[in-house]
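Residue-level structure breakdown
Listed below, chain by chain, are the residues.
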Amino acid sequence: ENVVEVDEGDEDMMVPSIPVFEPCPEDDDFLAALDKMVNENISESKGLVRDKNSLSSMTAPVSSGRGKKNWEQLQEEQEDQEDNVQVVVMLRKGGKATTAKGISVSADSMLGEQFLAREEREQREKTRVKQLTLEISERQEEEELTEALQQLQRVSMVGPGGARRGFRPNKGAPDADLIFGNKKPQK
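Please read all numbers here as calculations on a predicted model, not as lab measurements.

**Brief notes about the pattern of salt bridges**
Counting across every chain of the model gives three salt bridges. The salt bridge involving Glu122 is made with Arg118; its shortest N-O contact spans 3.4 Å. Placement of the pair is Glu122 and Arg118 together in helix α4 (residues 110-158), with a separation of four residues, close to one helical turn. Two residues, Arg128 and Glu125, come together in a salt bridge whose shortest N-O distance is 3.0 Å. Placement of both Arg128 and Glu125 in helix α4 is noted, with a separation of three residues, approximately one turn of the helix. Residue Arg128 is classed as partly exposed on the basis of its relative accessible area of 45%. On the basis of relative accessibility, which here comes to 38%, the residue Glu125 falls in the partly exposed class.

Here it is, written out as structure tokens:
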């Protein structure tokens, strides 16, 4: 063991030395437990069933036509669109600038099928949300109409002068003995 004697007052001048690794049984236990956990995790992840759609989901935006086209080009495009899906691929040049390139993918390919299926799902979701919104609006209109009718019925049942036509409040201070009774103690 290295023992260094230090004069009093020079303790703060000491430079700490690098700790020396001394193997011990706890290290072996720790490494064994770590290896076991890692192997269990790997074997569990191998056994998981993965959804094919989640692994191959891609986002590919539809490209909008650029520039003006004549009638023949538009007709050719319509014929091509029946068999192909137009997508835009983002490319990176030199790690800095990104460019977009439109490509036509066969509708029978995996990417084309996924893209068309996603468009169909989005369209169904939009239709469902639109229907829900319409139903909510109709229900609100119905509730407002029934509330207005109930308000009109209340007014017509009460009558034009009100239900309390014959009641007139007393003027002046109220009679406390009449309201609460005579509570004076008897002698």
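**Digging into a nonpolar patch on the surface**
Together, Phe30, Leu31, Leu34, Met37, Val38 and Ile42 make up an exposed nonpolar region whose accessible area comes to about 570 Å². Looking at where Leu31 falls in the secondary structure, it is placed in helix α1 (residues 25-47).

**Here's the deal with α1**
In this model, α1 (23 residues) spans 34 Å end to end at C-alpha, consistent with the 33 Å of a helix rising 1.5 Å per residue. Of all 23 residues in α1, zero are buried; the element is thus mostly exposed.

**So, a negative patch on the surface**
Side chains of Glu135, Glu138, Glu141, Glu142, Glu143, Glu144 and Glu147 sit close together on the surface and give a patch of like negative charge. Along the chain, Glu144 falls in helix α4. A relative accessible area of 56% places Glu144 in the exposed class.

What counts, and where the lines are drawn
Sequence order as written defines residue numbering, which begins from 1 separately in each chain. Two thresholds apply to this predicted model, a pLDDT of at least 70 for residue-level local features and 80 or more for giving and counting side-chain atom pairs, whereas whole-chain, interface and lining totals are computed over all residues. With hydrogens and water excluded, all non-hydrogen atoms of the structure serve as input to the side-chain values. Put simply, a salt bridge is a Lys or Arg side-chain nitrogen that is within 4 Å of an Asp or Glu carboxyl oxygen. Starting at the N terminus, helices and strands are each numbered in turn, a helix being any DSSP run of H or I of at least four residues and a strand any DSSP run of E of at least two. Accessibility here uses a 1.4 Å probe with only protein chains present; expressed as a share of the type maximum, an area under 20% marks a residue as buried, one over 50% as exposed, and anything in between as partly exposed. A residue counts toward a patch only above 30% relative accessible area and without a salt bridge, and it is joined to like-charged neighbours within 9 Å or, for Val, Leu, Ile, Met, Phe, Trp and Tyr, to nonpolar neighbours within 5 Å. For accessible areas, the Shrake-Rupley method is used with a probe of radius 1.4 Å. Any residue's cover is judged against the shown protein chains and nothing else. To estimate how far a helix should extend, the number of its residues minus one is multiplied by 1.5 Å. Positive charges come from Lys and Arg alone, negative charges from Asp and Glu alone, with His and the N- and C-terminal ends not counted. For the purpose of locating charges, the reference atoms are NZ of Lys, CZ of Arg, CG of Asp and CD of Glu.

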